[in-house]
Every structure is written in C-alpha cells, then in structure tokens.
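So the chains spell out like this:
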Amino acid sequence: MKPDFSTEGLDRVRSLFFGSILCIVLLCCSAESGSLLIGTAINRQVLTDTSYQRLVTGFSNIVTPAYDLKFKHIQKIRGVFDFTHADKVVAYARDNHMAIRGHTLIWHGALPDWVVALPVHADTMRRVMFEHIEGVVSHYRGNVYCWDVVNEAFDTEGNLNVKNPYFRAMGKSYIEYAFRIADQFDSETKLFYNDYGPYGITKKSDAVYATICELLDKGVRIDGIGFQMHLRIDENREMEKFTDIARNFKRFAMLGLEIHITEADVSISKPVTPEKRKLQIRAYQEMMRLFLSIPACKAFVTWGLTDKYAWFPESRKNYAEPSLFDSLYKPKPVYDSVMSVIEQFKKPPVIENMSIRGKQIAFIMRTLLYESGYAIHMAEREKGISVSDVVWSDTILIEAPRNGVYEVCIWPIAYTGSFLGVPVTYTVQVKEGN
Ligand code: XIL
C-alpha cells in the first residue's frame, strides 16, 4: 500500500490549463513539482526483521538511520572508524531506492567516553571535530542526501547548550567550524542544522535564526534546517500553535533554506484515551498540512514508524503509541488521517459558500494550508473579458466587469506565489439586480 507521494497529478492539471484563457494569471506563478520526500528513522532491526523491512520500504522514499551514523557508533576508539553497521543500513536504504538523511555529525549526545573525558581545550576539540567530520563525510560522499552537521546546539530558552563539550571548549565558533569542515570534505551534499522546539517564533527559534543569518552572511554553506517535531499529547499541554510554527518555517524558507521535518512523532501520555488519540491525529495532520503549505519543505520524516520500536527516552517513559503503525505493523487510524491530508491537498479547494450581490461575488473557502492564499481568475468567454486577483484570506471578494456568464478558477497558492494544489472551477451568472 505504498502511498502516492508524487505531485505529478498536479502538473498534469496545470498543463491542461495552458491551452485555456484561464492560464494567463496562472502563468505568472511558478508551480512546484516533483516528489515529496516522506519517510522514517530506521533502527538496526531493519536488517533482520523482514516485516519491519517491508513496512519501511512500503512507506518511505527517504530514511534516517536513528543511531548508526552517530559518533559513538562509528568512532568508539579514537582514530578507528568502524562503519560495519552503518554501511549495512545505508546499503539497505540504497538498494531500496530510498534517500538517506545523514544524522548526525556534531551533537552533545551519543559521544564515546573518550570524547567526554577530553580536557576542555579548543585546539583539542577542533582536532576531534576535524577528524570525525573528515572520516565520516568522506566515507559517505555521494551516498547521502544531506548531513545534519550540527544537532541541538541550543536549549529551549535559546542559550547555547552548556552540556555540549565542543561549545565548552570552543565557544559558539564550533558551529561555523563544523559546517566549514563538512563543506571542505563534501561540497555537494546538503548541509543541515537540526534542532528541537519550541517550534513557533520563540526565544529559541530567534536564537537559531540569528545564528544561521550570521553564518550565511559570513559565506558559510548551510543548505537547510531540520525541525525535529517530537510532540506530546497530555492533559496539561496545549496543542502546538501551528500558525505560529508556519510563520517560523516561512522566515527560514525566506533565507533560501530547504526545510525538513526530521523526527516527527506524537506520543500520548498514559493512560491513553480516545480523546487523546483524537488530539494525536490532529497534531499529525497539522504537521502534514504545515509540510504541504511551505514550498521549501522538502522532507517529512517520522522518528520511527511502528510502536514496536518506538523511542521512549527518560522524559517520556509515561508516554505511549507515538507512531503511525501499531506494534503489529498495522496502520492506525492516525496513519489514514495523515494520508487523507495528502489526498485532500491533491483535490480542488472546497468552496464553503458563494453569494452574489450586484456584480460582487463572494466565495468563502475552507482553508487547508498555512501561510497560503488563492489566485482567482474570472473570465467571460464570449465577450473575452476577464479579471484576476490574489487574496490572502478565506474570503474572496471579486467584482465582475459587466453582466454575463463567468467561469471562475480558484487556485491555492503558497506565500511564494507557487501553486499548492489543483484549482476549483465554478460557473456563475452575473445579472445586475441579482
Ligand atoms: C535517539 C535514538 O532514537 C535513540 O535510539 C538513541 O538511543 C538516542 O537518540 N533527537 C535526535 C535523535 O536528534 O538523534 C535522538 O535519537 C532523539 C532526539
């Protein structure tokens, strides 16, 4: 049951319009096309558990090895690079035509004891970073889609994480250094900064944003940003404010960065209730909407696919059921709900209500996407007159130049002006005195 992630259908619809008068307005915009990258983090069990293998390959066109590419698994002993497991996982992904997110080069977690025991000394740490990045990036050159070069540099308040031994030794400069070295050893693979929340416009995202702007200004190559999005449902937590998250994504997109949702999961606090499951469905759906709304969002990766191999750190030991599939690998209702968002996105937008007063026509639209709007084109074929407009709200008000029968075409667009789906068409008769 491989979901159809291609956006080819959208292209086809677009080309049909090229012959039509309606396309004049639409030609002003550029359509995004191609396949969405959707997938999951994978555990090593993917090499032995064939049912899990089938689940992963059936769902994903991109995967993230959850731990095999991390420092302590590759360089347990200084200078001895052991790629045995990582190579197997990477080969599995490649053999199954899935892209790979390389996760992660420089992080305070998953460090071998020898790094933790090093003296707090800038030159020493710089050397460690250089050797590790050189070893890993060179080994996988040409085989991974991107690298999370630096992971979780900031805490939730937007301060640089003091638990980070690179930061303790080198100060903030370690971030720049990591990107420069990664670029030196692989100038082709995309380089990402990856971090956890809060995901709206907050002290933390401001700090990440300022740092990335500063580095880009200095000419450091950063191609993308990853938002982890480990969400939680419980009695005392508010639902994430997705409109605010969309605004935050947009400002990073405006820097020219590619955006990935890198570690999506939604754990439910115990006891799991039907109400909490509904909230989980909403959270997953909103994430998917967010992903589909922002053209710079290229990959949506869940942190695990089945509850069987779900990740529960200490802070989440009272949580359950974070994945789209249950522990017997059956799709849960939340899976169908997420897929239905993709399907809705491929259908024309819904007109909730249409009314005419005089020559004024009003459409109330049901908005599916964040930070988006509509391009409207209204044409009277016989007399060859038309009007067009772009609006950034759910209410479209448009005035017909004169009486007649009009064909109205309403097309959802992203804030960039690019098309986000297929249009809805509507025929309306305007007679003054309506
Ligand atoms: C987690 C893995 O899932 C675990 O298997 C491992 O024991 C610890 O790390 N943010 C990240 C990921 O960037 O690398 C973490 O992965 C989860 C939180």
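Residues numbered from 1 in each chain as written. Predicted model: local features only at pLDDT ≥ 70, side-chain atom pairs only at ≥ 80, totals over all residues. Heavy atoms only, no water.

A. Molecular detail of the nonpolar core. Counting residues in hydrophobic clusters, the biggest one holds 104 residues, and the most contacted among them are W147, V150, M229, F249 and I259. Filtering out sequence-adjacent residues up to four positions away, V150 remains in contact with T104, I106, Y174, I175, A178, F179, F192, Y193 and N194. Residues M365, Y374, I376 and V391 belong to the second largest nonpolar core, which totals 17 residues. (Core = buried A, V, L, I, M, F, W, Y, C linked by side-chain atoms within 4.5 Å. Buried < 20%, exposed > 50% of the residue type's maximum accessible area, 1.4 Å probe, protein only. Contact = heavy atoms within 4.5 Å.)

B. How the structure looks around the sheet that holds strand β16 (residues 404-414). The strand order β14-β13-β16-β17 describes an open sheet built from 4 strands, whose pairing is antiparallel. Only two strands of the sheet have a single partner each, and these edge strands are β14 (385-391) and β17 (424-430). Within this sheet the neighbouring strands show an average axis-to-axis angle of 20°, counted without direction. In this structure, β16 lies alongside β17, joined through 7 bridges in antiparallel fashion. If you follow I410 over to β17, its bridge partner there is V424. (Pairing = 2+ DSSP bridges. Helix = DSSP H or I, 4+ residues; strand = E, 2+ residues; numbered from the N terminus. Axes fitted to C-alpha atoms, helices over the stretch in contact; angles between N-to-C directions.)

C. Highlighting the site of the ligand. Around the ligand, the structure places Y67, K70, H103, W107, N151, E152, Q228, H230, E263, W303 and W311. With respect to the ligand, the side chain of Q228 contributes an N or O atom lying 3.3 Å from an oxygen atom. Protein chains bury 75% of the 410 Å² of accessible surface belonging to the ligand in isolation. When the residues that make up the shell around the ligand are grouped by side-chain class, the tally is 4 nonpolar, 4 polar and 3 charged. (Near = heavy atom within 4 Å. Polar contact = N/O pair within 3.5 Å; in protein donor to acceptor, adjacent residues only side chain to side chain. Areas by Shrake-Rupley, 256 points an atom, 1.4 Å probe, with all protein chains shown as cover. Nonpolar A, V, L, I, M, F, W, Y, C, P; charged D, E, K, R; others polar.)

D. Fine view of the environment of V89. Within the secondary structure layout, V89 lies in helix α5 (residues 84-95). A relative accessible area of 1% places V89 in the buried class. V89 sits 94 residues away from D183 along the chain, and the two C-alpha atoms are 24 Å apart. Residues within four places of V89 in sequence aside, it is in contact with I42, L47, P65 and D68.

E. Looking closely at the pattern of salt bridges. All chains considered together, the criterion is met by 27 salt bridges. E157 is the salt-bridge partner of K203, the closest N and O atoms lying 3.0 Å from each other. On the criterion of sequence distance, the pair formed by K203 in helix α10 (residues 203-217) and E157 in the loop between β4 (146-151) and α8 (165-170) is long-range, its members being 46 residues apart. Residue K203 is classed as exposed on the basis of its relative accessible area of 57%. The class of E157 is partly exposed, set by a relative accessible area of 43%. Note that R221 and D223 form a salt bridge whose closest N and O atoms lie 2.5 Å from each other. Since its relative accessible area comes to 22%, D223 is described here as partly exposed. (Salt bridge = Lys/Arg side-chain N within 4 Å of Asp/Glu carboxyl O.)

F. Seen up close, unusual backbone geometry. Going from G197 to P198, the amide bond is cis rather than trans, its omega being 5°. In this structure, P198 sits in the loop between β5 (190-195) and α10. With an omega of 0°, the peptide bond between K270 and P271 qualifies as cis. Its place among the elements puts P271 in the loop between β8 (258-269) and α12 (274-293). Although it is not a glycine, E152 adopts a positive phi angle of roughly 55°. As for its placement among the helices and strands, E152 is situated in the loop between β4 and α8.

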